[in-house]
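Descriptive structure summary
Next come the chains, spelled out residue by residue.
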Amino acid sequence: FLAAADGLGSIAIDTTQLNMSVTDPTAWATAMNNLGMVPVGLAGQQLVTDSICVPGFDPSLSMMTGITPINPMIPGMGLVPPPPPTDVPVVKEIIHCKSCTLFPPNPNLPPPSTRERPPGCKTVFVGGLPENATEEIIQEVFEQCGDITAIRKSKKNFCHIRFAEEFMVDKAIYLSGYRMRLGSSTDKKDSGRLHVDFAQARDDFYEWECKQRMLAREERHRRKMEEDRLRPPSPPAIMHYSEHEAALLAEKLKDDSKFSEAITVLLTWIERGEVNRRSANQFYSMVQSANSHVRRLMNEKAAHEQEMEQAKETFKNALTGILTQFEQIVAVFNASTRQKAWDHFSKAQRKNIDIWRKHSEELRNAHSEQLMGIRREEEMEMSDDDSGDNPSKKLRVDDSALAAQAYALKEENDSLRWQLDAYRNEVELLKQEKGQLFRTEESLTKDQQLQFLQQTMQGMQQQLLSIQEELNNKKSELEQAKEEQTHTQAMLKVLQEQLKSAKELAEINGHDESQANEINVLTVALVNQDREKNTEKRSPGLKSEKEALLIGIISTFLHVHPFGANIEYLWSYMQQLDSRISASEIEMLLMRLPRMFKQEFTGVGATLEKRWKFCAFEGIKTV
């Protein structure tokens, strides 16, 4: 049962602890095989040597060497095979002992429940013992799980068993659910169902806490050793003053590469009080050597300032180039938002273009403000240079006292300039709050929306006026057509009457049919002439010289396009000559002259297109 308890396969236990008779060799061999033990009196090979632990392994060795204790029952450590798969059901069989027999529970029942395992648990609770079970019988059953250090039996059929190691508790838990029967008796006092569970003992918890404290001490010691190893070395000790060391230090002070180390030694000697009447001259020479480095340091500072100015100029030029490219990008977005290109984009494309345009304008404004700030700083520096000479140049010529004074004046000037910048920023913030300097982004967007709505209203008004003019023209044309129709009907009646009278006269006078045909041709010619006159009367003349000029240009353009052109193509060509002309105005002009321009439809369905053609020459040919 130990193999199935912790999923560790067959594990052999020392057989010297067992001394019992074998009543049923087959059952005994099966039970011992399940226990992972070699049965007494049966031939067999132990799977693991003497104990389940490493031979000669001392658990207390970790306290002296810092080695973390290893549980030899952990799978993958090389001591035991890996656990069996969890989905394979564990088959429990009958276990025969010297004084009792353990019968397995029903395999169809759920496994017995256990409480949460306490930390460092080595003690188990065993309930459901037979009333006649003695401490020796309990030890005989559970010592197969491992070394038992203590058994505390109660009068109420339960006990507590403490093992030597934690992993032995898992083997004892496996016996939970077995029915225990003493000997071959059937008395109720000699049988009981075992219930094995984890027990919370103060001794186990104390040992676990001690072990944790030991591990914590080892961890602290390891960290301390690591910190000591990684700690930077202490600075070298400064030698005591002597004339020989002073001479060496004077040479080091003259060397630029060793100046930092030497000045530290000199400062330490002066603070220690090594200066006296005898060594005063020597210390004075060393202080003078230290002072000689001031000019070198100021020259290095001036060189670094020059490099910084060159870097600023390079940065300003690069920023100017970036700002120029931002301006070009914003110009592209503005051109895309014009109606000529804007109408051809879809709704999603317009939304993306609008977002990109706003983002580019924000970045452009930020870079522009940064560039203006750099230029303001340059102007302030130039004004400082005009008011007086550059302090860095003075420091190269003047002695150390004048250099220090000029440096102090420069620092004061810088502080005043920073205060001036702070005041200027406060003034700009106040102006922004009052709304006198900049408008907020919301107001800009509202103004843009208002302008867009005004333009839309103007376009709709123009379309409404053009539609009204077309309606009036259609009404006038309809009235003229009605008048022409009535006039034509009247003329037709008159001509019919004249025709009848002419036919009667011809019959009376005996003329032939040829004269009647001539009369019919004359009548049709008169009717057509009358219709042409009416159409000429109906078509209004040109209103201005501009319309005549437009008709000439449109006629020339359509004449060189024999297959015709749509109104958008014609409007784009005319807009190059006159940007104020609209497509509707051109279309109305073409509709007013049906004898010069005609409209044709080409294509089917979605490819249907309306084209205008020049047809004045066709009218002349037909006439």
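Residue numbers restart at each chain and count upward from 1, following the sequence in its written direction. Selection of residues for local features in this predicted model requires a pLDDT of at least 70, selection of side-chain atom pairs for listing and counting requires 80 or more, and totals for whole chains, interfaces and linings are taken over all residues. As a rule here, side-chain values come from all non-hydrogen atoms in the structure, and water together with hydrogens is ignored.

What follows covers the packing of helix α17 (residues 545–559) against helix α18 (residues 567–577). Every axis in this analysis is a line fitted to C-alpha atoms, fitted for helices over the stretch in contact. Angles between the N-to-C directions lie between 0 and 180 degrees. Only DSSP runs of H or I covering at least 4 residues are called helices, and only runs of E covering at least 2 are called strands; the numbering of each starts at the N terminus. It is the contact of α17 with α18, at a shortest axis distance of 11 Å, that shows an interaxial angle of 130°. By the angle class used here, α17 and α18 are oblique. Pair α17 / α18 crosses with right-handed handedness. Of the residues in α18, those touching α17 at Leu550, Ile553, Ile554 and Phe557 are Tyr569, Leu570, Tyr573, Met574 and Leu577. Throughout this description, any angle smaller than 35 degrees is read as roughly parallel, any larger than 145 degrees as roughly antiparallel, any in the 65 to 115 degree range as roughly perpendicular, and the remainder as oblique. Here a crossing is taken to be left-handed if its near helix is turned anticlockwise relative to the far helix by less than a right angle, and right-handed if that turn runs clockwise. By definition in these notes, contact holds between two residues if any of their heavy atoms fall within 4.5 Å.

This part takes up the UniProt feature "coiled-coil region" (unreviewed entry) in the protein chain. Mapped onto the present numbering, the UniProt feature "coiled-coil region" (unreviewed entry) falls on residues 287–314 and 406–498. Each end of residues 287–314 is marked by a C-alpha atom, and these two atoms are 41 Å apart; helix forms 96% of the span and strand 0%. UniProt positions are given in the numbering used here, feature names are shortened, and annotations may be inferred rather than shown by experiment.

Take the sheet that holds strand β3 (residues 123–127) next. Strand order in the open sheet formed by four strands is β4-β5-β3-β8, and the pairing between neighbours is antiparallel. Both edges of this open sheet fall to β4 (148–153) and β8 (195–198), since each of them pairs with a single strand only. Shown here is a sheet whose adjacent strand axes are inclined to one another by a mean of 20°, direction ignored. Relative to the sheet, helix α4 (residues 135–142) contacts β3, β4, β5 (158–163) and β8, its axis offset from that of β4 by approximately 140°. Should DSSP find at least two bridges between two strands, the strands are taken to pair.

It is worth spelling out the sheet that holds strand β2 (residues 100–103) at this point. Spatially, the four strands line up as an open sheet ordered β1-β2-β6-β7, and their pairing is antiparallel. Each having just a single partner strand, β1 (95–96) and β7 (191–193) make up the two edges of the open sheet. By the bridge criterion, three bridges tie strand β6 (residues 179–182) to β7 in an arrangement that is antiparallel. Pairing of arginine 181 across the sheet is with serine 191, part of β7.

So, on to the packing of α17 against helix α19 (residues 583–591). Running from N to C, α17 and α19 cross one another at 85°; their axes reach a closest spacing of 11 Å. As summarised for this structure, α17 and α19 are arranged roughly perpendicular, according to the angle between their axes. Counted together, Lys546, Glu547, Leu550, Ile551 and Ile554 of α17 and Glu585, Ile586, Leu589 and Leu590 of α19 form the full contact between these two elements.

Moving on, we get to the packing of aromatic side chains. Classification of ring pairs rests on two measures: the distance between centres of Phe, Tyr or Trp rings, Trp counted by its six-membered ring, which must be within 6.5 Å, and the angle between planes, read as stacked under 30 degrees, edge-to-face over 60 and tilted in between. The tally for this structure, following the rule as stated, stands at nine aromatic pairs. Judged by centre distance (5.5 Å) and plane angle (40°), the ring pair of phenylalanine 125 and phenylalanine 158 falls under tilted. Of this pair, phenylalanine 125 sits in strand β3 while phenylalanine 158 sits in strand β5, and the two are 33 residues apart along the sequence. The buried label goes to any residue with under 20% of its type's maximum accessible area, the exposed label to any with over 50%, and the partly exposed label to all in between, with areas taken from a 1.4 Å probe on protein chains only. For phenylalanine 158, a relative accessible area of 24% puts it in the partly exposed group. Aromatic pair phenylalanine 557 and tyrosine 569: ring centres 5.4 Å apart, planes at 70°, arrangement edge-to-face.

What pLDDT reports is the predictor's confidence in each residue, on a scale of 0 through 100. Looking at the protein chain, pLDDT values average 77 and 74% of them are 70 or higher. Segment residues 1–25: pLDDT under 50, and 67 contacts once partners within four positions in sequence are set aside and those in other chains are kept. Below a pLDDT of 50 lies the segment residues 393–397, which in the model reaches eight contacts outside its immediate sequence neighbourhood of four places, other chains included.

Below, the discussion takes up the pattern of salt bridges. Salt bridge, as used here, is a side-chain nitrogen of Lys or Arg placed within 4 Å of a carboxyl oxygen of Asp or Glu. Tallying each qualifying case throughout the model produces 24 salt bridges. Of the charged contacts, one joins glutamate 219 and arginine 222 as a salt bridge, the two residues approaching to 2.4 Å between their closest N and O atoms. Separated by three residues within a single helix, glutamate 219 and arginine 222 lie in helix α6 (residues 202–230), roughly one turn from each other. For glutamate 219, a relative accessible area of 29% corresponds to the partly exposed category. Take arginine 222: its relative accessible area is 47%, and that puts it in the partly exposed class. Here arginine 364 makes a salt bridge to glutamate 327, at a shortest N to O gap of 3.1 Å. Taken together, the residues arginine 364 in helix α12 (residues 347–387) and glutamate 327 in helix α10 (residues 293–336) connect sequence positions 37 residues apart. Judged by relative accessible area, which is 16%, arginine 364 ranks as buried. Among the ionic contacts, a cluster of salt bridges with common partners joins Lys122, Arg162, Asp204 and Glu207.

With that settled, the discussion passes to the pairing of β3. Among the five residues in β3, four count as buried, and that is most of the element. Two strands pair when backbone bridges link them, and β3 and β5 are joined in this way by five bridges, in the antiparallel orientation. In the strand pairing of β5, valine 124 is matched with isoleucine 161. Alignment of β3 against β8, held across four bridges, turns out to be antiparallel.

In plain words, nonpolar cores are sets of buried Ala, Val, Leu, Ile, Met, Phe, Trp, Tyr and Cys residues tied together by side-chain atoms within 4.5 Å. In terms of nonpolar packing, the biggest core is built from 30 residues, with Val126, Phe142, Ile161, Phe163 and Met180 touching the most fellow members. Elements with a contribution of two residues or more to this core: β2, β3, α4, β5, α5 (167–173), β6 and β8. Top element by residues in this core is α5. It accounts for five residues. If sequence neighbours within four positions are ignored, methionine 180 has contacts with Cys100, Thr101, Leu102, Leu129, Pro130, Ile137, Val141, Asp190, Ser191, Gly192 and Leu194. In terms of nonpolar packing, the next biggest core, distinct from the first, is built from 18 residues, Ile551, Ile554, Leu570 and Leu589 among them.

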